[in-house]
2 protein chains.
Amino acid sequence: VAAATKWWRLLLVLSAAGLGAVGAPQPPNIVLMLMDDMGWGDLGVNGEPSRETPNLDRMAAEGMLFPSFYSANPLCSPSRAALLTGRLPIRNGFYTTNGHARNAYTPQDIVGGIPDSEHLLPELLKKANYATKIVGKWHLGHRPQFHPLKHGFDEWFGSPNCHFGPYDNRAKPNIPVYRDWEMVGRFYEEFPINLKTGEANLTQIYLQEALDFIKRQQSQQRPFFLYWAIDATHAPVYASKPFLGTSQRGRYGDAVREVDDSVGQLLQLLRGLGIAEHTFIFFTSDNGAALVSAPKEAGSNGPFLCGKQTTFEGGVREPAIAWWPGHIPAGQVSHQLGSLMDLFTTSLSLAGLEPPSDREIDGLDLLPVLLRGHLIDRPIFYYRGNELMAATVGQYKAHFWTWTNSWEEFRQGINYCPGQNISGVTTHTQEEHTALPLLFHLGRDPGERYPLSEHTQQAAPAGSRDTGETLQHQHSLRPPSPGQVSLEKCSHPEQNWAPPGCEKLGKCLTPPESAPEKCSWPH
Amino acid sequence: VAAATKWWRLLLVLSAAGLGAVGAPQPPNIVLMLMDDMGWGDLGVNGEPSRETPNLDRMAAEGMLFPSFYSANPLCSPSRAALLTGRLPIRNGFYTTNGHARNAYTPQDIVGGIPDSEHLLPELLKKANYATKIVGKWHLGHRPQFHPLKHGFDEWFGSPNCHFGPYDNRAKPNIPVYRDWEMVGRFYEEFPINLKTGEANLTQIYLQEALDFIKRQQSQQRPFFLYWAIDATHAPVYASKPFLGTSQRGRYGDAVREVDDSVGQLLQLLRGLGIAEHTFIFFTSDNGAALVSAPKEAGSNGPFLCGKQTTFEGGVREPAIAWWPGHIPAGQVSHQLGSLMDLFTTSLSLAGLEPPSDREIDGLDLLPVLLRGHLIDRPIFYYRGNELMAATVGQYKAHFWTWTNSWEEFRQGINYCPGQNISGVTTHTQEEHTALPLLFHLGRDPGERYPLSEHTQQAAPAGSRDTGETLQHQHSLRPPSPGQVSLEKCSHPEQNWAPPGCEKLGKCLTPPESAPEKCSWPH
């Protein structure tokens, strides 16, 4: 038996070496799978009790799981902007100063979007001859200058905004669905989502778009970058007919099951084409589960506190799996503090490119972590708007500000921490703790239930806002130029009334007259 | 490569067949590993973020994981009595009627213990020639008539009561440690636990006891039953020096790491002796994590509500792994609703024995689940004392009574649901819901945060106390005989003053004079 094992291993080594020799010195394909509002606790491998993600669990078993991987913001747009720029929202413009500590995203009446001055990942990857495609939600501005094909993507199939409304195309235009430069229909019209049954074929369409793109690039022997930003797990959650009613977790679980199945199909295609060892995949989510949509349309943040919109762990700690057979050793768990922004720098590194040197980049190159199991000392910063709410250094997390949502919202039933209530922590007024931060040890208390006492804080590395790393971080933040503060203004006529291509479909709507005003962000 | 795989597989099959042929038609060895206050969320495989249980995670990967496995009670003694008798505490006497819905255990001043009329698993396994040993905590009564060697065990190394005090042997005797019939010392004396540093060698001693027992039985070719009831994860938690300070989770994590390492060593011994395929192991815990001891000395209940002492999921849903290489297919997750009591019936089945037919047995034979992936429809009942607090049928859980603990205790800082507060659910008075049970769907809402509305309830199978299964269950409960209600009386002189063997050690203490009184159970 021992001899057989040895021979078998030798064969594997030889065959791997052979594969390497066959390929040109071409950089690996890169697939970033970004889920929408999926929570840390939604994966079987992260303890979801119904265990309905066999493909993702297998992906983790074949790759590297990151239990401490963070979004750059507890909300979709800033988080996505950070991923594609490698920079915190405070640097790339995805924040406002309209209200203190307000999360900001891009609803369809927003005037702004991703600034031209930002270098996006697909744009940079073009230098290494990558074919680039975004499938799914863009969410970095819907006006023509913000179009993904103006920011480095060769192809797009998906929507500029979220599918959570409007639903009737009267007071507001329904969100358009684009193929490349032109709209090919709208949600709830050509691309129906049945709000009553939850049925929609969108995940199947997004899957096909991804499968087709991969096959096309493979036949042309071209390295590809696929940004697969699907949104079935964002309320209103949806699934296609074969998945509806199949989950123990209700409709949200149906959506997760379809996502999981799709991931399985994508990995299977890569294996079938013989390019699995030439394709780096990272699976994660844009922010924590939207507990405000619970119980029917929200995921799980496992043992963590609160959810989307908050800077507690439940708002920003993400499911995260890296997969690259033959390169990332199988079955690893990395305790690296990781960030969505690292996917920017790591992708560039995979392509043999350097990140831009004329600006601060917050993302790290994770390749030493992925390939050699290194651990890189780095902080995690938690923002709302331009306010640094909290920071994690090692196992210590310091809250400089706490806030869930306003009493007014809370009394209306809007609750980002349903069933959870920690005195002085889950506050409904914006509480400042900069003089003596609320400190937690995330190893001993991942649920942020027990603030450490003042006495204990003395010994802790992240004990106060004055710690070196936080200071260094704040110092490195150049005040954004006025043009870069791009999400300040909203305007009714700026909505998706008449996207390019609407004429061909006869689906142009007439925008009303109105003046831009300051955007208002309730939380 | 394909040919090599084939050849390799063939060798494995042949070698497995060979092993089977060597053994006589002897029933498999049985090892039940029962942890103390370990929570569902403490295993890496159940999502503990620090992922510090590689051996248990591997055990799960090689065997079958049960995400929906339940204790028979949210407290140690009744739970252990249920495991060893296959019967609910309401049947085997491990409850009282002294206070409504009070959990009851066996402190050292208790007069009662496991009734003679109960047939314990080791006693029954003797019929199939099993050598039987308990290592660790007994907790079914410390007076001579309740001694484990009077109830079927051949050997014992461990303690009759919990190690959580007393600590000074003055007002009360410290808890003795027994080898078989005689005490060989006491906690905090011959068997030190350093309350300041958390250092104790007990897990190492319990590990050695288990390893030695296994080796001895193997050399005698005798089937064995090992009940490994170790207690390092019960407050005050402890670990031996090599493990202290090694966990990211603090001292509780140190204890878990030592437990995990010990499990790894036990499995390795079985592999080394070539009897892994002849040994059935089940790993679980006696009740949920004791959140009242958090944050320093408690584990995690993952996404579930509350902890030990309560009939919410956090009180009774347990980590659970079955392992029997070559018999239980590797890498399985079973959604069977399981119970600690099933380990009684399943063990008998493994030994080729029938459970007693003269009484109600609540445990199921899980072999069809383990070996063939069947799912058996069965309810789960949640008791406190003699009160049926809740029942689960399928995915629906109905609470007939809710209660965490009294306002008085709560105001003193005793909190079984720290950071969790669900209006009308986590109540501090005993709230009756028998007319319209509080209903939850555990698939969609494992955290019991969202009671279903009255309207929804109509469609649910466990919607009211009148459902068939609950009625049938209550009907099958014969009123216990007065002698069987054995935990009613406590008495100061009944403590471990002078256990057998104390003379040899010169460690007999003189009991004071006092009269028995009703035990008082605050929660």
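Just so it is clear, the model here is predicted, and its values are computed rather than measured.

Thresholds, definitions, all that
- Residues numbered from 1 in each chain as written.
- Chains lettered and ligands numbered in written order.
- Predicted model: local features only at pLDDT ≥ 70, side-chain atom pairs only at ≥ 80, totals over all residues.
- Heavy atoms only, no water.
- Buried < 20%, exposed > 50% of the residue type's maximum accessible area, 1.4 Å probe, protein only.
- Helix = DSSP H or I, 4+ residues; strand = E, 2+ residues; numbered from the N terminus.
- Domains from an automatic or database assignment.
- Contact = heavy atoms within 4.5 Å.
- Buried area = accessible area lost by both parts, 1.4 Å probe.
- Salt bridge = Lys/Arg side-chain N within 4 Å of Asp/Glu carboxyl O.
- Nonpolar A, V, L, I, M, F, W, Y, C, P; charged D, E, K, R; others polar.
- UniProt positions renumbered as here; feature names shortened; annotations may be inferred.
- Polar contact = N/O pair within 3.5 Å; in protein donor to acceptor, adjacent residues only side chain to side chain.
- Least-squares fit on C-alpha atoms with pLDDT ≥ 70 in both.
- Pairing = 2+ DSSP bridges.
- Axes fitted to C-alpha atoms, helices over the stretch in contact; angles between N-to-C directions.
- Parallel < 35°, antiparallel > 145°, perpendicular 65-115°, else oblique.
- Left-handed = near helix turned anticlockwise from the far one by under 90°.

Caption draft 1: Up close: helix H9 (residues 342-350) of chain A. All names here are of chain A. Across the nine residues of H9, eight count as buried, placing the element largely inside the fold. Of the positions making up H9, those classed as buried are Asp-342, Leu-343, Phe-344, Thr-345, Thr-346, Ser-347, Leu-348 and Leu-350. Where H9 ends, the next residue or the one after it, Gly-352, has phi of about 75°, a positive value.

Caption draft 2: Geometry of the domain arrangement of chain A. Residue and element names in this part refer to chain A. Domain assignment breaks chain A into domain 1 (29-376) and domain 2 (387-476). Computed over C-alpha atoms, the centres of domain 1 and domain 2 are 27 Å apart. With 22 residues of domain 1 at the interface, the matching set in domain 2 holds 27 residues. Together, the buried faces of domain 1 and domain 2 total about 2,000 Å²; carbon and sulfur atoms form 61% of this surface. It is His-100, Leu-305 and Phe-312 in domain 1 that bury the most area against domain 2; as a group they hold 27% of the surface buried on that side. Taken together, the connections running from domain 1 to domain 2 amount to one salt bridge. For Lys-397, the salt bridge is made with Glu-313, and the minimal N-O distance between the two is 2.8 Å. The class makeup of the residues in the side of domain 1 that touches domain 2 is eleven nonpolar, five polar and six charged.

Caption draft 3: View of the UniProt feature "binding site: Ca(2+)" (unreviewed entry) in chain A. All names here are of chain A. UniProt feature "binding site: Ca(2+)" (unreviewed entry): in the numbering of this structure it lies at Asp-36, Asp-37, Cys-76, Asp-286 and Asn-287. The annotated residues occupy 252 residues of the chain but converge on a single region, no pair of C-alpha atoms lying more than 7.9 Å apart. Tracing the backbone through its elements, the reader meets Asp-37 in the loop between strand S1 (29-35) and helix H2 (54-62). Asp-37 sits in the buried class, given a relative accessible area of 2%. What Asp-37 contacts, discounting residues up to four positions off in sequence, is Thr-233, His-234, Tyr-252, Ser-285, Asp-286, Asn-287, Gly-288, Ala-289, Ala-290 and Lys-308. Within the local environment of Asp-37, its side chain forms a polar contact with the side chain of Asn-287, the two groups lying 2.8 Å apart. Summarising the element assignment, Cys-76 is placed in helix H3 (residues 76-85). Excluding anything up to four places from it in sequence, Cys-76 contacts Tyr-105, His-139, Asp-286 and Asn-287.

Caption draft 4: Inspection of the environment of Ser-423 of chain B at higher detail. Along the chain, the position of Ser-423 of chain B falls in the loop between helix H11 (407-411) and strand S18 (431-432). In sequence terms Ser-423 of chain B and Leu-121 of chain B are 302 residues apart; their C-alpha atoms lie 42 Å from each other.

Caption draft 5: Main features of the relation of the copies chain A and chain B. Rotating chain A by 180° and translating it 0.0 Å along the rotation axis places it on chain B, where the RMSD comes to 0.0 Å. When the rotation and shift are considered jointly, the pair of chain copies conforms to a two-fold rotation axis. A shared binding surface is used by both copies, with 100% of the interface residues of chain A retained as interface residues in chain B.

Caption draft 6: Region of interest: the side chain of His-142 of chain B. All names here are of chain B. Looking at where His-142 falls in the secondary structure, it is placed in the loop between strand S4 (131-137) and strand S5 (155-159). His-142 sits in the buried class, given a relative accessible area of 10%. Within the local environment of His-142, its side chain forms a polar contact with the backbone oxygen of Gln-108, the two atoms lying 3.1 Å apart. Within the structure, the side chain of His-142 is placed 2.4 Å from the backbone oxygen of Glu-494, a separation counted as a polar contact.

Caption draft 7: Seen up close, the pattern of salt bridges. Residues and elements named next belong to chain A. Here the structure, examined in full by the defined rule, presents 50 salt bridges over all chains. Arg-216 is paired through a salt bridge with Glu-155; the nearest N and O atoms lie 2.7 Å apart. Highlighted residues: Arg-216 in helix H6 (residues 202-219) and Glu-155 in strand S5 (residues 155-159), separated in sequence by 61 residues. The network of salt bridges with shared partners includes Lys-133, Glu-155, Arg-179, Glu-209 and Arg-216.

Caption draft 8: Fine view of the pairing of strand S19 (residues 438-441) of chain B. Residues and elements named next belong to chain B. With burial as the criterion, each face of S19 is covered, one bearing Leu-438 and Phe-440 and the other bearing Leu-439 and His-441. Two elements, strand S16 (residues 396-399) and S19, share four bridges in a ladder whose sense is antiparallel. Directly across from Ala-398, in S19, lies its bridge partner Leu-439.

Caption draft 9: Here's a closer look at the packing of H6 of chain A against helix H7 (residues 251-272) of chain A. All names here are of chain A. Closest axis-to-axis distance for the H6/H7 pair is 10 Å, and the angle between their directions is 10°. If you check the angle between H6 and H7, you find them roughly parallel. Here H6 and H7 pass one another in a crossing that is right-handed. Each of Thr-203, Gln-204, Leu-207, Ala-210, Leu-211, Ile-214 and Lys-215 in H6 lies in contact with H7, whose residues at this interface are Glu-258, Ser-262, Gln-265, Leu-266, Leu-269 and Leu-270.

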